[in-house]
Amino acid sequence: MTNTVFSISSQNTVSPNDIVLRVEHLKVYYATPLGDVRAVDDVSFDVYQGEILGLVGESGCGKTTTAMAILRLVQPPGRIVDGHIWLDGTDVVSLSERELRRFRWEKISLIPQGAMNSLNPVLRVSEQIRDVIEDHEGRQPRKALKERILELLHMVGLPSRVYDMYPHELSGGMKQRVCIAMAIALNPTLIIADEPTSALDVVVQRVVGETLLRVKEQLGISMILIGHDMGLMAQLADRVAVMYAGHLVEIAPVRQLFKTPQHPYTQLLIEAIPSIKERKPLKLTEGLTHDLRNPPQGCIFQSRCPHVMERCRIHPPSLQEVSPKHRVACYLYEEC
Amino acid sequence: MTTPLLELQHLTKVYGGGFLKRAPVTVALQDFNLALHEKPAKIVTIAGESGSGKTTLANLVLGFIEPTAGRILYRGTDIRQMDRHQRRQYRREVQAVFQDPYEVYNPFYRVKHIFDMAIRNFNLARSKDEARAMVEEALNVVGLRGEEVLDKYPHQLSGGQRQRMMVARAFLLKPRIIVADEPVSMVDASLRAMILDIMIRLRDEHNISFLYITHDLSTAYQIGDEIHILYQGTVAERGDTITVIEQPKHPYVQLLINSIPVPDPDVRWGGEHILTVDDEELRSSVQSGCRFYPRCPYREDRCLQARPPLYRVGDNHEAACYLYAEQSVQTNKTLVTKA
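Residues numbered from 1 in each chain as written. Chains lettered and ligands numbered in written order. Predicted model: local features only at pLDDT ≥ 70, side-chain atom pairs only at ≥ 80, totals over all residues. Heavy atoms only, no water.

As for empty space enclosed by the protein
Let me state the cut-off plainly: With a 1 Å grid laid over protein atoms only, a set of points is called a cavity when a 1.4 Å probe fits there but cannot get out and a pocket when it is open yet has protein on both sides within 12 Å along at least five of seven lines; lining residues have an atom within 4 Å of a point. Grid points are joined across faces, edges and corners, and a volume is the space filled by probe spheres set on the points.
Summed over all chains, the structure comprises seven cavities of 30 Å³ or more. One number sums up the size of the largest cavity: a volume of about 90 Å³. In this structure, the second largest cavity spans a volume of roughly 60 Å³.

Section: the packing of helix 4 (residues 128-141) of chain B against helix 6 (residues 159-172) of chain B
Between two packed helices, both the angle of their axes relative to each other and the distance between the axes serve to describe the pair. Residue and element names in this part refer to chain B. Basically, it comes down to this: Here, axes are lines fitted to C-alpha atoms. For helices the fit covers the stretch in contact, and angles between N-to-C directions go from 0 to 180 degrees. Secondary structure elements are taken from DSSP: a helix is a run of H or I of four residues or more, a strand is a run of E of two residues or more, and numbering for both begins at the N terminus. Angular relationships are summarised with four words: roughly parallel below 35 degrees, roughly antiparallel beyond 145, roughly perpendicular across 65 to 115, and oblique for the angles in between. With the far helix as reference, a near helix turned anticlockwise by less than a right angle produces a left-handed crossing, and one turned clockwise produces a right-handed crossing. Contact definition: two residues touch when any of their heavy atoms are within 4.5 Å. Each residue is assigned to one class: nonpolar for Ala, Val, Leu, Ile, Met, Phe, Trp, Tyr, Cys and Pro, charged for Asp, Glu, Lys and Arg, and polar for all the others, Gly among them.
At a minimum axis distance of 8 Å, the contact between helix 4 and helix 6 shows a crossing angle of 125 degrees. Here helix 4 is positioned oblique relative to helix 6, judged by the angle of their axes. Of the two possible hands of crossing, helix 4 and helix 6 adopt the one that is right-handed. On helix 6, the residues that touch M134, V135, E137, A138, L139 and V141 of helix 4 are M165, A168, F171 and L172. Considered class by class, the residues forming the contact of helix 4 with helix 6 number nine nonpolar, no polar and one charged.

Re the domain arrangement of chain A
Residue and element names in this part refer to chain A. Here is the rule: Boundary definitions for the domains trace back to an automatic or database domain assignment. Here the buried area means the combined drop in accessible surface, using a 1.4 Å probe, for two parts upon being joined, counting both sides. One side-chain nitrogen of Lys or Arg within 4 Å of one carboxyl oxygen of Asp or Glu is enough to make a salt bridge. Here a polar contact is taken to be a pair of N or O atoms separated by no more than 3.5 Å, where protein atoms must pair a possible hydrogen donor with a possible acceptor and residues adjacent in sequence count only if both atoms sit in side chains.
Examined at the domain level, chain A breaks down into domain 1 (2-107 + 189-286) and domain 2 (121-187). Every contact between the two is made by 20 residues of domain 1 and, on the other side, 17 residues of domain 2. Between domain 1 and domain 2 lies a buried interface of about 1,500 Å² when both sides are counted; carbon and sulfur atoms form 62% of it. Taken together, domain 1 and domain 2 are joined by one salt bridge. A salt bridge links D135 to R101; the nearest nitrogen and oxygen atoms lie 2.9 Å apart. The interface formed by domain 1 and domain 2 holds seven residue pairs in polar contact (both at pLDDT 80 or more) in total.

Points about the state of the cysteines
Residue and element names in this part refer to chain B. Just so we agree on the cut-off: Here, two cysteine sulfur atoms that lie within 2.5 Å of each other are counted as a disulfide.
Within this structure, the stated rule accounts for zero disulfides over all chains. Unpaired in this structure, C296 has its nearest cysteine sulfur neighbour in C321, at a distance of 5.9 Å. C303 takes part in no disulfide bond, and the closest cysteine sulfur to it belongs to C290, at a distance of 5.9 Å.

What to know about the side chain of A:T266
Residues and elements named next belong to chain A. Short version of the rule: Only protein chains enter the calculation, and the probe is 1.4 Å; a residue is then buried if its accessible area is under 20% of its type maximum, exposed if over 50%, and partly exposed in between.
Inspection of the secondary structure puts T266 in helix 10 (residues 264-271). The buried category is assigned to T266, whose relative accessible area is 0%. When near neighbours in sequence (up to four residues on either side) are disregarded, T266 contacts V242, E250, L257 and P261.

A word on the environment of A:K27
Residues and elements named next belong to chain A. Tracing the backbone shows K27 in strand 1 (residues 19-32). With a relative accessible area of 23%, K27 lands in the partly exposed category. When the C-alpha positions of K27 and S160 are compared, they lie 44 Å apart, and in sequence the two are 133 residues distant. The contact partners of K27, leaving out residues within four places of it in the chain, are V40, D41, D42, R79, I80, V81 and D82.

Quick look at the packing of helix 7 (residues 202-219) of chain A against helix 10 (residues 251-259) of chain B
Following both chains from N to C, one finds helix 7 of chain A and helix 10 of chain B inclined at 50 degrees, their axes separated by 8 Å at the closest point. Considering the angle they form, helix 7 of chain A stands oblique to helix 10 of chain B. In terms of crossing hand, the pair formed by helix 7 of chain A and helix 10 of chain B is left-handed. Contact residues: helix 7 of chain A offers A:V202, A:V203 and A:R206, while helix 10 of chain B offers B:L255, B:L256, B:N258 and B:S259. Looking at the contact of helix 7 of chain A with helix 10 of chain B, its residues break down into four nonpolar, two polar and one charged.

Details of a nonpolar patch on the surface
Residues and elements named next belong to chain B. Which entries qualify depends on this criterion: Patches here are clusters of residues that have more than 30% relative accessible area and form no salt bridge, with a 9 Å joining cutoff for like charges and a 5 Å cutoff for nonpolar side chains (Val, Leu, Ile, Met, Phe, Trp, Tyr). Here the open area of atoms and residues is found with the Shrake-Rupley method and a 1.4 Å probe, where only the protein chains shown may cover a residue.
There is a patch of nonpolar side chains on the surface, built from F64, F98 and V104 and spanning about 250 Å² of accessible area. Within the secondary structure layout, F98 lies in the loop between strand 6 (94-97) and helix 3 (112-121). With a relative accessible area of 30%, F98 lands in the partly exposed category.

Some thoughts on the sheet that holds strand 1 of chain A
Residues and elements named next belong to chain A. In plain terms, the rule: For two strands to count as paired, DSSP must find a minimum of two bridges between them.
The strand order across the open sheet formed by four strands is 2-1-4-5, and the pairing between neighbours is antiparallel. Unpaired on one side and paired on the other, strand 2 (35-48) and strand 5 (90-91) mark the two borders of the sheet. In this structure, strand 1 lies alongside strand 2, joined through eleven bridges in antiparallel fashion. Paired with V28 across the strands is V40, a residue of strand 2.

What to know about the nonpolar core
Condition: Throughout, nonpolar core names a set of buried Ala, Val, Leu, Ile, Met, Phe, Trp, Tyr and Cys residues whose side chains join them through atoms within 4.5 Å.
Counting 76 residues, the largest nonpolar core has B:F115, B:L139, B:M165, B:L202, B:L217 and B:I229 as the members making the most contacts within it. When residues of this core are assigned to their parent elements, the largest contribution, eight residues, is made by helix 7 (residues 189-206) of chain B. Not counting residues within four places of it along the chain, the set of residues in contact with B:F115 comprises B:V135, B:L139, B:L150, B:M165, B:A168, B:R169 and B:L172. A:A234, A:V254, A:L268 and A:L269 belong to the second-largest nonpolar core, a separate cluster that totals 68 residues.

Here you go:
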């Protein structure tokens, strides 16, 4: 699967077949008594076949809201104000509630944040996975169904005895892998993993991360991986999109992003990673994010940017390609 | 040698196993020793995965729970045998900063309430002006200004601001030790550095020691002086932070350090394939002997017979593993060259 992605980059043209998800000018606002909070403000990106797209940014930058919009799970007072979300040729934004029931889990599934708490405590693991399958595909012959569920458990590296266990008998990492098994049960086109390892220890985090990679490689499922741990992104993602205050500020293949981060915010994110290899003085950054209800005129990052210029305060920069597949929204690179 | 400021002796905490209870006991912390001197102030990291006993340790030191065995000595006095005056002093000189800056505030009070309470409780100020000046000074240390934050409600502040205010509150009481339980795990990466920097400044400029409790070895590596790495309630390895992290000796610590994701796409997770054993098995299988036995790639029969003591593997560096039983007799120099 990675081969197809590489061939795209060499030709520098993307055939529409390779794009599984296209988000266009997505805007999600939350209504508050003092005006709308622009949680996601004009975000556009594509997800290619068989890749993991990392979505990073600090808390409150709109990562999870973007994911919820793709699943059409934005809850009031939030609403999708504008934009299109194309998945396999259908616009998710226009689907009815009835159609969404089919669409979710068959086309797109979610590994929620703190997935271990999303399992039903009074049902065995097997019953929960069975529910997912039978709800969408109707009643199944028992024996085939059991084999299918066991195969799913093996896929995520869990022993067969998990089949008859209850969630409380499993450790956090095992529950997380049960959630991955459920997410791939119906062979969806896209999986959204919202901070799938944030509550886990490093050793378990690595096991879960390697499970995600295996799922991607063996089934060719595309994923959007939401997180704030840049180290984990470097290990898992093929491309990384950086969000700041509801805006997409940079998107690039993972190697380019780590080697030559362009946007000042991305540079800050990468510098702020605590290293285990060398002890260096802490890098301090001043400044606060503006109030999301009334974003400043011009660039969204101007109040914290070390390179802020006059024109940044007047008109916001748009995403421009600085090198193949590497796009950044910053005036520093506008002319080159 | 002078009396240490804080000394933990054979500290053990066992949960469960009471009268009429048949459920197996959980040893949350076993035989933990630590001595912290008043000078020089140090940042002592207690690291380990969840369930390793690090928060149990914090709760013991803060007096929230009683140890099953062992003693906590503060300035030479067992905290359970302190008189009222000493206890009050202990309460004031040992402060805490907790993990979640969203949960520690009462949402109905303005944030200055946390400072007012502390000042009133310990009678720190004679007048309102004096109190205000003290609060202002404490806020300045963490880089905040009183007029900007004090009259706000908690929900009007960012996570980083709230956590800095908790450090300011602790600082206000002129403590000698701050127990910081995962103080940066809920704060964004860009603000994390600010809080760690405050910890370093409090140590260097105000001579305040920290018990820095964390699961994140990389921040410990950046700021810590001494480290104790716990595995299921026992110390796997302890010593100087830089030595332990750069030259880990215990197989668990080696696994832990290899599992930290490297922020470089060209460097993949290192080390061999991980042995994963399910938690239930782990807990029950090792009643005596090394707790890491079920997952250890170097396990031997003797590991099951008795829990390995801490062997000296270098200058101020000890590991609880039989791999070093013979070597520890040798001089330190040969060991260092080996590593």
